[in-house]
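# Structural features, examined
What follows is the residue order along each chain.
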Amino acid sequence: DFPNLGLSNSGKTIKISSRLGFGATADVYLGSVGENKGVLKVLKNGFKHLAGHEADILGHLISTKTPFVSKCSKIKDGILFFDEVLSPVRTLSCRHVECLLQCLSHTHKTARVVHRDFGPDNIMETADGEIRIIDWGLAHCLCDERATHFEGTFRFACDEVLDAASKEELRIAKAQDDLESFWRVYFAMADTVLWNALAAVDDGEFAVVKKLWQKFKDENPRQADMFKAAAHLDYGTLKHIVPG
């Protein structure tokens, strides 16, 4: 059953047509506001404050001409509307990789923002096949060096993040966190055995996830080189060495 969202702040009717995804902090739907079709992100109780934060981050990304992100507006308390119809991406092509790395490079170097929650569910595409990175609610400005607890998709978090999370330590977010998460997403989406092993891990089993990724890197030295390059922010090289 879909929630009845009523009217937007501008008095337009909010309608839901189907569910795109759900998570710990929000549910995402295809729908419309008035005559405009797009994606609705509905924050859950306790997380509604993230709507304003995400709208601000996306406004900053758009103003700095970050590619492959969607414009959004806060249409009601705890509800964001993205003015594009999006669908999930099931596999990542070489073109997807180049676009995603271009987005992350601009995000880190120009906008000075780190996503902090890069996972498969946060990669979408438009009806025209253009890639989009979504779900910026946990994003963090790189100029803000205040340490925080881990938040995000732990199955695709880098080792440094997993180590800090397992010890409940505060840590400053880094740009390379996104890059290593990106490669973990890429390889997991291409490897059914790895994907299923990660899916079977219970929430919070950081050591198990770390061991799965170490095993993967031990057995795939070429891919391990990409993780190493990601730690050195080597965006330009990585997009040219994607496995066929």
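Going by the structure above, here's the rest.
Here we summarise the structure given alongside this text. (Residues numbered from 1 in each chain as written. Predicted model: local features only at pLDDT ≥ 70, side-chain atom pairs only at ≥ 80, totals over all residues. Heavy atoms only, no water.)

## With respect to the overall build of the protein
A count of helices and strands for the protein gives 8 helices and 10 strands. At 18 Å, the protein has a C-alpha radius of gyration in line with the 18 Å of a compact globule built from 244 residues. Viewed in the frame of its principal axes, the protein has a C-alpha envelope of about 55 × 40 × 35 Å. In the protein, which comprises 244 residues, the proportion classed as buried is 50%. Long-range contacts, defined here as pairs at least 24 residues apart, represent 61% of the contacts in the protein between residues at least 6 apart. Per element, the accessible surface of the protein, about 12200 Å² overall, is 51% carbon and sulfur. (Helix = DSSP H or I, 4+ residues; strand = E, 2+ residues; numbered from the N terminus. Rg over C-alpha atoms; globule rule 2.2 N^0.38 Å. Buried < 20%, exposed > 50% of the residue type's maximum accessible area, 1.4 Å probe, protein only. Contact = heavy atoms within 4.5 Å. Areas by Shrake-Rupley, 256 points an atom, 1.4 Å probe, with all protein chains shown as cover.)

## Considerations on the packing of helix α6 (residues 206–219) against helix α7 (residues 221–231)
Where α6 contacts α7, the two axes come as close as 5 Å, and the packing angle between them is 120 degrees. Our classification of the angle between α6 and α7 gives oblique. In this structure, α6 contributes Trp213, Phe216, Lys217, Asp218 and Glu219 to the contact, and α7 contributes Pro221, Gln223, Ala224 and Phe227. For the contact of α6 with α7, a count of residues per class yields 5 nonpolar, 1 polar and 3 charged. (Axes fitted to C-alpha atoms, helices over the stretch in contact; angles between N-to-C directions. Parallel < 35°, antiparallel > 145°, perpendicular 65-115°, else oblique. Nonpolar A, V, L, I, M, F, W, Y, C, P; charged D, E, K, R; others polar.)

## A few points about the pattern of salt bridges
Scanning the entire structure with this criterion turns up 18 salt bridges. When the shortest N-O distance is used, the salt bridge between Lys174 and Glu160 registers 2.8 Å. With Lys174 in the loop between α3 (159–166) and α4 (175–190) and Glu160 in helix α3, this residue pair connects regions lying 14 residues apart in the sequence. Note on Glu160: relative accessible area 40%, which makes it partly exposed. Linked by salt bridges that have partners in common, Asp159, Glu180, Arg184 and Lys217 make up one network. (Salt bridge = Lys/Arg side-chain N within 4 Å of Asp/Glu carboxyl O.)

## Notes on the environment of Ala231
You can see Ala231 is positioned in helix α7. Here Ala231 falls in the partly exposed class, since its relative accessible area comes to 38%. Through-space distance from the C-alpha of Ala231 to that of Ser73 is 34 Å; in sequence the pair is 158 residues apart.

## Considering α7
Within the sequence span of α7, burial applies to Gln223, Ala224, Met226, Phe227, Ala229 and Ala230. Looking at the buried positions of α7, the neighbouring elements they touch are α4, α6 and α8 (235–238).

## Remarks on the sheet that holds strand β8 (residues 123–126)
Taken in spatial order, the 3 strands of this open sheet run β6-β8-β9, and their pairing is antiparallel. Of all strands in the sheet, those with a lone pairing partner are β6 (86–88) and β9 (131–133), marking the two edges. Looking at each pair of strands side by side, their axes are set apart by 45 degrees on average, direction ignored. With 3 bridges connecting them, β6 and β8 associate as antiparallel partners. Pairing of Leu86 across the sheet is with Thr126, part of β8. Where helix α2 (residues 94–111) meets the sheet, its contacts fall on β8 and β9, and the angle it forms with β9 comes to roughly 40 degrees. (Pairing = 2+ DSSP bridges.)

## Notes on the packing of α4 against α7
Interaxial distance between α4 and α7 falls to 8 Å at its minimum, and their mutual angle equals 160 degrees. Of the possible angle classes, the one that applies to α4 and α7 is roughly antiparallel. Handedness of the α4/α7 crossing: right-handed. Between α4 and α7, the residues in contact are Gln176, Leu179, Glu180, Trp183, Arg184 and Phe187 and Gln223, Met226, Phe227, Ala230 and Ala231, respectively. (Left-handed = near helix turned anticlockwise from the far one by under 90°.)

## As for the side chain of His108
Here His108 shows up in helix α2. Owing to a relative accessible area of 2%, His108 belongs among the buried residues under this scheme. There is a polar contact of 2.6 Å between the side chain of His108 and the side chain of Tyr235. Leave out the neighbours within four places in its chain, and His108 touches Val113, Val114, Leu142, Ala175, Asp178 and Tyr235. (Polar contact = N/O pair within 3.5 Å; in protein donor to acceptor, adjacent residues only side chain to side chain.)

In short, geometric facts, not functional conclusions.
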